[in-house]
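One-letter residues, chain by chain:
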Amino acid sequence: QEGFHQALAHACGTSRHHFPPFLSIPDESEPDHQLHQEERQRFQVERMILFTDAVFAIAITLLILEIKVPNLEFSGLTSAKIQDALMNQTATFIGFFISFWVIALYWIDHHRTFAYVDDYDGKLVFLNLLFLMSITIMPFTSALYSRYIDYSLPTQIYCFNIAFTGFIKLWMSYYINNPKNKIC
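Everything in this summary refers to the structure shown in the same document. (Residues numbered from 1 in each chain as written. Predicted model: local features only at pLDDT ≥ 70, side-chain atom pairs only at ≥ 80, totals over all residues. Heavy atoms only, no water.)

**A closer look at a nonpolar patch on the surface**
- A contiguous nonpolar surface patch, about 350 Å² in accessible area, is contributed by Ile-58, Leu-62, Ile-64 and Leu-65.
- A relative accessible area of 49% places Leu-65 in the partly exposed class. (Patch = residues over 30% accessible without salt bridge, like charges linked within 9 Å, V, L, I, M, F, W, Y side chains within 5 Å. Areas by Shrake-Rupley, 256 points an atom, 1.4 Å probe, with all protein chains shown as cover. Salt bridge = Lys/Arg side-chain N within 4 Å of Asp/Glu carboxyl O. Buried < 20%, exposed > 50% of the residue type's maximum accessible area, 1.4 Å probe, protein only.)

**Regarding unusual backbone geometry**
- Phi is positive for Lys-182, which is not a glycine, with a value near 55 degrees.
- As for its position among the elements, Lys-182 is in the segment after α7 (152-177).
- Overall, the relative accessible area of 64% leaves Lys-182 in the exposed class. (Helix = DSSP H or I, 4+ residues; strand = E, 2+ residues; numbered from the N terminus.)

**Quick look at the pattern of salt bridges**
- This model, assessed by the stated rule, comprises 3 salt bridges.
- Here Arg-147 makes a salt bridge to Glu-66, at a shortest N to O gap of 3.4 Å. Taken together, the residues Arg-147 in helix α6 (residues 138-147) and Glu-66 in the loop between α2 (31-64) and α3 (79-87) connect sequence positions 81 residues apart.
- Given the relative accessible area of 32%, Glu-66 is considered partly exposed.
- Linking Asp-109 and Lys-169 is a salt bridge whose minimum nitrogen-to-oxygen distance equals 3.3 Å. Of this pair, Asp-109 sits in helix α4 (residues 90-114) while Lys-169 sits in helix α7, placing them 60 residues apart in sequence.
- Taking relative accessible area as the criterion, Asp-109 reaches 31% and is therefore assigned partly exposed.
- What makes Lys-169 buried here is its relative accessible area of 3%.

**Observations regarding the environment of Gln-89**
- Within the secondary structure layout, Gln-89 lies in the loop between α3 and α4.
- Its relative accessible area of 15% is what places Gln-89 among the buried residues.
- Residues Gln-89 and Ser-146, spaced 57 residues apart in sequence, show a C-alpha to C-alpha distance of 8.8 Å.
- What Gln-89 contacts, discounting residues up to four positions off in sequence, is Ile-67 and Lys-68.
- Looking at Gln-89, its side chain comes within polar contact range of the main-chain oxygen of Lys-68, at 2.8 Å. (Contact = heavy atoms within 4.5 Å. Polar contact = N/O pair within 3.5 Å; in protein donor to acceptor, adjacent residues only side chain to side chain.)

**Comments concerning α6**
- Across the 10 residues of α6, 8 count as buried, placing the element largely inside the fold.
- The set of residues buried in α6 consists of Met-138, Pro-139, Thr-141, Ser-142, Ala-143, Leu-144, Tyr-145 and Ser-146.

**Things to note about the side chain of Asn-128**
- In this fold, Asn-128 is placed in helix α5 (residues 122-136).
- For Asn-128, a relative accessible area of 2% gives the class buried.
- Those residues in contact with Asn-128 that sit more than four places away from it in its chain are Met-48, Thr-52, His-110, Phe-114 and Met-172.

No statement about biological role is implied by the geometric values presented.
If you want it as structure tokens, here you go:
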């Protein structure tokens, strides 16, 4: 593209800086170009943050979908039967509350960490996506744990999910805060 502009400037007997704005190539040494690059970079970081916020919102919303309204027969229905049906879902409610706050705390930590991020690279995007993958599986592992609370394997899977999420968050925080990566 630069060669095209040089040939056009030569044919028109002008310099590249006298082209109309839609034909000109910004000079990278000009302050406006540098400001534009910084704004574009910040916008890309904001896109990553907004995408992350959306994934967190969806994951938290998916948690409540596991809690079903008890399906009871209306004939002979009493408050005691409704209470019993709700009590049968105690493990599901506990799983919801625990997972809601685990995800919320990870979101708060992510929010605080990314407040310092000025730049990004492919590795940060990869780490963020890996982190989000572990968040998005949490509604499933929470439901598994809640449904089979008396068994050790679902508990181990749920705990592994939370620990893996913490490990990836730690790795991402280390990467962001490492000065040689020039992320913040």
